[in-house]
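Below are the chains, spelled out letter by letter.
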Amino acid sequence: MSNLSQHLRIHAGFPGGNIIVEEYFADAVKVRQDLSMCSSWWFWWYFEAENLSDQPFTVRFVFTEGAPFGTAGPCANINNTHWHWLGRECVENNTFEFKFTPEIKSCRFAFAIPYLVPDLDSFLRDHPDITRSVLTKSSESRPVDLLHIPSKNGQFAVFLSTRHHASESIANFVLEGLLDCRCQNQGILQDCVDFFAVPFMDVDGAENGDQGKNRTPHDFNQDYGKFIYRSTAAYCELIRRNHARFLLSLDLHCPSHNQSTIFWVESPIRGDLDLLRSALYETQHGQLRYDGKNDISFGIEGNNDSDNNSCARYIQSELKQKNAFTLEIPYAEAHGIRINENRARLFGHDLCHAIEHFASVYNKTSTNIPHN
Ligand SMILES: [Zn+2]
């Protein structure tokens, strides 16, 4: 054991935490992300370092399972204040360096900005128009939250989901923005469009700090039609109950660690995705931009029949709703713009405006919503 272990205590003993400490040596500590719940390499980690030293010192965190860093390096939250990206400057191969001063009593480090149930609690305290109920209970008996924003006449219903993959925290900030914008809307959304949202499809995985992606035996977004998890079946039942007024469903994800564009994952059933994405492209105002050039066509980059049990594909093929879509929002940067909580929320506003346009087109062209 090096001296470092006497004044730096690293742990993940809190909701969402994920780290395995292997060894302290000299001015470094070997760690790795916990991959025990999944069948492939993934990159989520989140730990706290408590500083007991009254002297400044520099520590190098050495990851022994690949280089789990995104395009903006790790992010950090000093003394439980706010999250900021450390940048790639501190990263060298599979390591990153951080300088502690005596003023830094504790610092949380993570692959990306975390989002957990208490963050949702806080958001909902500021949004009393959103109704919260329990969609179902998770395997570990946690409530799987269902959020609902009713409209005046309930003509249409929009369905939003995040965290089919437990680590994909940035999607939740986008969801917050979407719901916030919906609450403020005084047009067609307020009049005609109910919003439903499930912010933590895999709430156990999020709270336990799991990777989520490629969970064994299969992850939540490979569970549709198999239904070994309760939330996926309950989500389908919710959509079935609202079949006649289904307008669209959006499943929000974050892509791999080093991807840095916003993109749609296309299905063989196209539905009216072109209407939604052109509305997004034309109406967006925020700093995080969708440029329409990076969507993944069906049949390339692993987007193929192996995804038939995904949320969007199942809703299309089995629930017969053509307008079920998957959108990927990167963890760290979009076209070189750093992602933070507010920028992600503003992108959610942009998405909400795109949905508003989508709803207004449907409202004009049909009294009955067309299905497949
Ligand atoms: Zn995902």
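Residues numbered from 1 in each chain as written. Predicted model: local features only at pLDDT ≥ 70, side-chain atom pairs only at ≥ 80, totals over all residues. Heavy atoms only, no water.

## A few points about the environment of Tyr115
In this fold, Tyr115 is placed in the loop between strand E10 (106-110) and helix H2 (117-125). Spatially, the C-alpha atoms of Tyr115 and Asn172 are 6.8 Å apart, while their sequence positions differ by 57 residues. With sequence-adjacent residues up to four places away left out, Tyr115 is seen in contact with Leu120, Phe123, Arg163, Ser169, Asn172, Phe173, Glu176 and Phe200. A distance of 3.5 Å separates the side chain of Tyr115 from the backbone nitrogen of Leu120, its partner in a polar contact. Of note is the side chain of Tyr115, whose polar atom sits 2.7 Å from the side chain of Glu176. (Helix = DSSP H or I, 4+ residues; strand = E, 2+ residues; numbered from the N terminus. Contact = heavy atoms within 4.5 Å. Polar contact = N/O pair within 3.5 Å; in protein donor to acceptor, adjacent residues only side chain to side chain.)

## Re the packing of aromatic side chains
In the structure shown here, the tally under the stated rule is 36 aromatic pairs. These aromatic residues form a ring-pair network of at least three members: Trp45, Phe47, Phe57, Phe61, Phe63, Phe69, Phe96, Phe98, Phe100 and Phe109. Over the aromatic face of Phe25 sits the side chain of Lys30, whose NZ or CZ is 5.5 Å from the ring centroid. (Phe/Tyr/Trp six-rings, centres within 6.5 Å; stacked < 30°, edge-to-face > 60°. Lys NZ or Arg CZ within 6 Å of the ring centre and 35° of its normal.)

## Quick look at the domain arrangement of the protein chain
Domain boundaries in the protein chain define domain 1 (4-110) and domain 2 (117-365). Relative placement of domain 1 and domain 2: their C-alpha centres are 30 Å apart. Contact with domain 1, which involves 23 residues of that partner, is made by 23 residues of domain 2. Taking both partners together, domain 1 and domain 2 bury about 2,000 Å²; carbon and sulfur atoms supply 55% of that area. Three residues stand out in domain 1 for area buried against domain 2, namely Trp42, Thr71 and Trp85, and they jointly supply 32% of the buried area on that side. Inspection of the domain 1/domain 2 interface yields 0 salt bridges. Between the two partners, domain 1 and domain 2, sit 10 residue pairs in polar contact (both at pLDDT 80 or more). For the side of domain 1 that touches domain 2, the class distribution of residues is 13 nonpolar, 9 polar and 1 charged. (Domains from an automatic or database assignment. Buried area = accessible area lost by both parts, 1.4 Å probe. Salt bridge = Lys/Arg side-chain N within 4 Å of Asp/Glu carboxyl O. Nonpolar A, V, L, I, M, F, W, Y, C, P; charged D, E, K, R; others polar.)

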